[in-house]
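Survey of secondary and tertiary structure
This is what each chain is made of:
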Amino acid sequence: MNEVTALPDLASRLLGGSVVYANDDFFAARENLLTPGPARHDPTAFGIRGKVYDGWETRRRREPGSDYAIIRLGVPGIVEGVVVDTAWFTGNFPPHVSLEATEAAGYPSVVELLEADWTPLVTRGPVKADALNVFPVDTSRRFTHVRLTLHPDGGVARLRVHGRPAPDPALLKGTVDLAAIENGGDVIACSDMFYASARNLLLPGRARTTAEGWENARRRDGGNDFVTIRLAGPGVVRRVVVDSSCFIGNAPGSVLLRGAHAHGVDARGADAHGLDLQDAEDWIELVPRTRVQPDTRHQFLVAVPDVVTHVRLDVFPDGGLARLRVLGELA
């Protein structure tokens, strides 16, 4: 994983992304582009139209032109990189692809999107068969939709649009989940995510299995695991939900949640003012260390008036959680 692909996938179906249009998906459905997880392959799977692929595949072009799909990002944001995954597409992948983006207010129709002004993010470039093709993007603009074009045709298994969420501030009024990725929160540090990513804690909805939550390895050293989260912005925390749903024999014994106020914190967790987000002395207690139960949504009221920009969740000594909600108001 490089620096770009470590960022959230703004197009993820888990965040509400959708393929709203494709000019052709004769062989394999456009919706497969955003399916979570890697593409699957069954060499024996054939249908009336040919080989069945877990991806998006258009028919062979017999006239000039190209094929394309329009994707509504699950979270608007600043795109920093794109992954065009051609897994299992070997003799039928597109030789070249390009990507454009646009910012559209509200919920535009397909016709409105087709008539929109599109900004090039990835110029037409070659792709390899059965590979993760990574394209860096240099832009500071916010976008809501992207358009992937195949030159001239072919199949793509997955599209990942990595970047920094930039939700509409007008939608962040009142009490909101300050930690949610869809609101601009993100994980900046984690002690261990051996089984499942800590970023899953911040996804919308409920986890259906432990694979959709955060799970670390079993600790044997006497320490404990933690995750540090940059909130959507400075805010006051009112209520916290620590959800251990689905974690029955592998939930933590207890949890502790603290907050800190920092300016200009970088990815390593330290800022220009010397605040070290890994130093326990720089944190204020929001939820004291409390015993938790397996397979349970725990809710805790917070009576701390301090404005915080980050929270740190410690689990003792280890164990998995489905979701973390940090409910409050932006300052």
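Residues numbered from 1 in each chain as written. Predicted model: local features only at pLDDT ≥ 70, side-chain atom pairs only at ≥ 80, totals over all residues. Heavy atoms only, no water.

**Structural notes on the overall build of the protein**
Counting secondary structure elements, the protein contains one helix and 19 strands. Computed over C-alpha atoms, the radius of gyration of the protein comes to 22 Å, within 12% of the 20 Å expected from 2.2 N^0.38 for 331 residues, which places it in the range of a compact globule. Each principal axis of the C-alpha atoms in the protein carries an extent, and together these give about 65 × 45 × 30 Å. The buried share of the protein, taken over its 331 residues, is 51%. Taking the contacts inside the protein whose residues are at least 6 apart along the sequence as the reference set, 80% of them involve residues at least 24 apart. (Helix = DSSP H or I, 4+ residues; strand = E, 2+ residues; numbered from the N terminus. Rg over C-alpha atoms; globule rule 2.2 N^0.38 Å. Buried < 20%, exposed > 50% of the residue type's maximum accessible area, 1.4 Å probe, protein only. Contact = heavy atoms within 4.5 Å.)

**Focus: the pattern of salt bridges**
Under the defined criterion, the tally for this structure stands at 18 salt bridges. A salt bridge links Arg-142 to Glu-103; its shortest N-O distance comes to 2.7 Å. Within this pair, whereas Arg-142 is found in the loop between strand 8 (132-136) and strand 9 (143-151), its partner Glu-103 is found in the loop between strand 6 (96-102) and helix 1 (110-114), the two being separated by 39 residues in sequence. Classification of Glu-103 by relative accessible area gives partly exposed; the value is 43%. Here Arg-325 makes a salt bridge to Asp-177, at a shortest N to O gap of 3.8 Å. Placement of the pair is Arg-325 in strand 19 (residues 323-330) and Asp-177 in strand 12 (residues 176-177), with a sequence separation of 148 residues. Taken individually, Arg-325 and Asp-177 each receive the classification buried, so the pair is uniform in this respect. Here the residues in one salt-bridge network are Arg-61, Glu-63 and Asp-67, joined through shared partners. (Salt bridge = Lys/Arg side-chain N within 4 Å of Asp/Glu carboxyl O.)

**Here's the deal with the side chain of Asp-85**
Checked against the element boundaries, Asp-85 lands in strand 5 (residues 67-85). Put simply, Asp-85 is tucked away with no salt bridge, and the nearest opposite charge, on Arg-158, sits 6.1 Å away. Within the local environment of Asp-85, its side chain forms a polar contact with the backbone nitrogen of Ala-87, the two atoms lying 2.9 Å apart. The contact partners of Asp-85, leaving out residues within four places of it in the chain, are Ala-131, Leu-132, Val-156, Ala-157 and Arg-158. (Lys, Arg positive; Asp, Glu negative; His and termini not counted. Polar contact = N/O pair within 3.5 Å; in protein donor to acceptor, adjacent residues only side chain to side chain.)

**Some details on the environment of Ala-6**
By secondary structure assignment, the location of Ala-6 is in the segment before strand 1 (18-22). According to the relative accessible area criterion, Ala-6 is partly exposed, its value standing at 31%. Separated by 238 residues in sequence, Ala-6 and Ser-244 place their C-alpha atoms 25 Å apart.

**Brief notes about the state of the cysteines**
In this structure the tally under the stated criterion is zero disulfides. Here Cys-190 is not cross-linked by a disulfide; its sulfur's nearest cysteine counterpart is in Cys-246, at 19 Å. Judged by relative accessible area, Cys-246 falls into the partly exposed class, the value being 25%. (Disulfide = S-S within 2.5 Å.)

**Here we look at the environment of Val-84**
Mapped onto the secondary structure, Val-84 falls in strand 5. Along the sequence, Val-84 and Arg-40 sit 44 residues apart, while their C-alpha atoms lie 16 Å from each other. Discounting chain neighbours no more than four positions away, the residues touching Val-84 are Val-97, Ala-131, Leu-132, Asn-133, Phe-135, Leu-148, Val-156, Arg-158 and Leu-159.

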